[in-house]
Amino acid sequence: MQSDTEQTAITTHLMDVTARPPVTMVAGQGSWLTDQAGKRYLDFVQGWAVNCLGHSPALVAEVLARQSTTLLNCSPAFFNAPMLELAQLLTTHSGLHQVWFGSSGAEVNEGAIKLARRWGEKHRSGAFEIITLHNSFHGRTLATMAASGKPQWQPLFEPKVPGFVKVPINDIEAVAAAISERTVAVMLEPVQGEGGVIPATHEFLQQLRALTRQCGVLLILDEVQTGIGRTGTLFAFEQAGIEPDILTLGKGLGGGAPLSALLAHRDFCCFEHGDQGGTFSGNALLTAVGCAVVKQIAQPAFLTAVRVQGDYLRDRLQQVSDEFGLGEVRGHGLLVALEIPSGNATQIADAAFTSGLLVNAPRVNVLRFMPALNVSREEIDRAIEYLAQALRACRRVMAT
Ligand SMILES: *Cc1c(COP(=O)(O)O)cnc(C)c1O
């Protein structure tokens with residue numbers, strides 16, 4: 001085992017792009033993560049909503065083992081069997097018609113932006129502008145940062161990729177006013193995840209669907225965080241009873257392995273050869289994992305359990321909120337937030353880490369809970385216990 005100074009010496013070789021606690025994670029199993037000192041953490045972040053079946057699920061391990069001795073990668077210039085199977089699964093479940101595979105959420109959102117611009121060039125007199133929402137998050141490439149509505153990103157990496165117009169969430173009038181002959185699409189998350197678990201209302205999504213049809217512009221849903229069962233249905237858009245023209249998936253799709261997908265209705269699949277690609281696109285290893293994950297999560301009984309556990313988590317958090325005088329509990333399925341009106345969510349998340357619970361604070365007044373989709377009631381109870389411990393610890397600090 002390394003001493004603290006040895007560990008510090010080693011970490012200096014990594015670009016310092018985020019604050020990390022001084023521990024090294026060495027193993028994960030189900031809802032639990034273990035560090036190099038043997039301390040166990042109940043993980044309600046799960047790699048940022050990525051490990052939908054928990055850490056090291058047998059299902060993913062088996063597919064990785066089998067596929068890695070059969071075919072890893074034959075280049076995107078050939079069809080492979082898992083790639084075709086996953087495309088069929090995703091189109092069948094989503095009602096969309098064609099897929100392009102990537103490795104990260106930002107990559108497929110970038111693809112969605114390109115597809116919309118290509119369609120605008122061909123079918124809407126060169127329209128290219130995309131309307132996105134304040135506080136939205138679409139990724140960290142240049143175009144997806146420009147598409148995102150994070151206020152802190154406003155001054156960064158000039159000059160920005162142009163062509164994004166921002167409006168407030170749940171304000172259909174603002175969207176209508178922003179649409180012009182330059183507009184090609186409206187792009188949004190059904191629930192803003194990084195923005196603090198802020199849901200677009202079903203009414204807003206339905207109005208957007210009607211408005212975009214009426215104006216002849218595309219509706220792009222970024223379900224990188226909300227898709228693959230996270231909100232209690234396979235896709236969040238099902239709950240609003242709408243269908244997007246373009247859809248992006250990532251995070252949970254690979255069950256912890258890097259895999260993402262761009263889907264579109266056949267009317268808008270207008271890429272030509274050379275427009276879109278990527279060395280790892282549709283590789284057999286990860287699309288095989290995607291097939292296993294999607295088959296598991298799409299089972300009605302699995303999704304019912306996500307909704308039941310989500311309701312239970314929200315009930316328990318509501319009790320905590322009442323007991324400690326905190327704010328609103330919101331979210332769908334197992335994408336849940338607890339509002340911290342005093343604005344010390346980061347401090348509470350740090351105290352929870354010490355207690356042995358991993359939660360994250362996407363904003364200073366929000367704690368976000370994204371456990372494995374197969375989390376148990378006992379694990380939720382334990383998380384609530386650790387959270388209460390952390391809140392008491394913070395209260396003691398504030399009192400002194
Ligand atoms: C995480 C996330 C992304 C970016 O995904 P990466 O895999 O980090 O590139 C994009 N959109 C939403 C809604 C996300 O939650």
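Our subject in this report is the structure included herewith. (Residues numbered from 1 in each chain as written. Predicted model: local features only at pLDDT ≥ 70, side-chain atom pairs only at ≥ 80, totals over all residues. Heavy atoms only, no water.)

Some details on helix H11 (residues 300-324)
With 25 residues, H11 ought to run about 36 Å at 1.5 Å a step, and its terminal C-alpha atoms sit 36 Å apart, in line with that. Two residues or fewer past H11, Gly-325 is found with a positive phi of approximately 65°. (Helix = DSSP H or I, 4+ residues; strand = E, 2+ residues; numbered from the N terminus. Expected span 1.5 Å × (residues − 1).)

Quick word on the sheet that holds strand E1 (residues 25-29)
On the basis of which strands lie adjacent, the open sheet formed by four strands has the order E1-E2-E3-E15 and mixed pairing. The strands lining the two open edges of the sheet, one partner per strand, are E1 and strand E15 (357-358). Here strand E2 (residues 32-35) pairs with strand E3 (residues 40-43) via three bridges, running antiparallel. Looking at E3, one finds that Leu-33 is bridged to Tyr-41. (Pairing = 2+ DSSP bridges.)

Description of the side chain of Thr-248
Relative to the helices and strands, Thr-248 resides in strand E11 (residues 246-249). Among the polar contacts made by the side chain of Thr-248, one reaches the side chain of Asn-109 at a distance of 2.8 Å. Non-local contacts of Thr-248, meaning those with residues more than four positions away in its chain, are made with Val-108, Asn-109, Ala-112, Leu-221, Asp-222, Glu-223, Val-224, Ala-261 and Leu-262. (Polar contact = N/O pair within 3.5 Å; in protein donor to acceptor, adjacent residues only side chain to side chain. Contact = heavy atoms within 4.5 Å.)

Quick look at the environment of Ala-112
Within the secondary structure layout, Ala-112 lies in helix H5 (residues 105-123). Overall, the relative accessible area of 0% leaves Ala-112 in the buried class. The sequence separation of Ala-112 and Arg-307 amounts to 195 residues, and the corresponding C-alpha distance is 29 Å. Those residues within four positions of Ala-112 in sequence are excluded, and the remaining contacts are Ile-220, Ile-246, Thr-248 and Leu-262. (Buried < 20%, exposed > 50% of the residue type's maximum accessible area, 1.4 Å probe, protein only.)

Considerations on the pattern of salt bridges
One side chain can pair with another of opposite charge once the charged atoms of both are near each other. One pass over the full model with this rule turns up 13 salt bridges. Between Glu-85 and Lys-295 there is a salt bridge, with its nearest N and O atoms 2.7 Å apart. Linking Glu-85 in helix H4 (residues 81-94) with Lys-295 in helix H10 (residues 284-297), this pair joins segments that are 210 residues apart in sequence. Owing to a relative accessible area of 34%, Glu-85 belongs among the partly exposed residues under this scheme. With its nearest N and O atoms 2.7 Å apart, the salt bridge here joins Asp-381 to Arg-316. Of the two residues, Asp-381 is situated in helix H13 (residues 377-399) and Arg-316 in helix H11; the sequence distance between them amounts to 65 residues. Residues joined by salt bridges that share partners form a network here, namely Arg-118, Glu-121, Lys-122, Glu-272 and Asp-275. (Salt bridge = Lys/Arg side-chain N within 4 Å of Asp/Glu carboxyl O.)

Remarks on the sheet that holds strand E13 (residues 329-332)
Within the open sheet, the four strands sit side by side as E13-E14-E17-E16. Their pairing is antiparallel. Since the sheet does not close on itself, it has two edges, and those belong to E13 and strand E16 (360-363), each with one partner. Averaged over all pairs of adjacent strands, the angle between strand axes in this sheet comes to 30°, irrespective of strand direction. Here strand E14 (residues 335-339) pairs with strand E17 (residues 366-369) via four bridges, running antiparallel. Residue pairing across strands places Glu-339 opposite Val-366, the latter belonging to E17. (Axes fitted to C-alpha atoms, helices over the stretch in contact; angles between N-to-C directions.)

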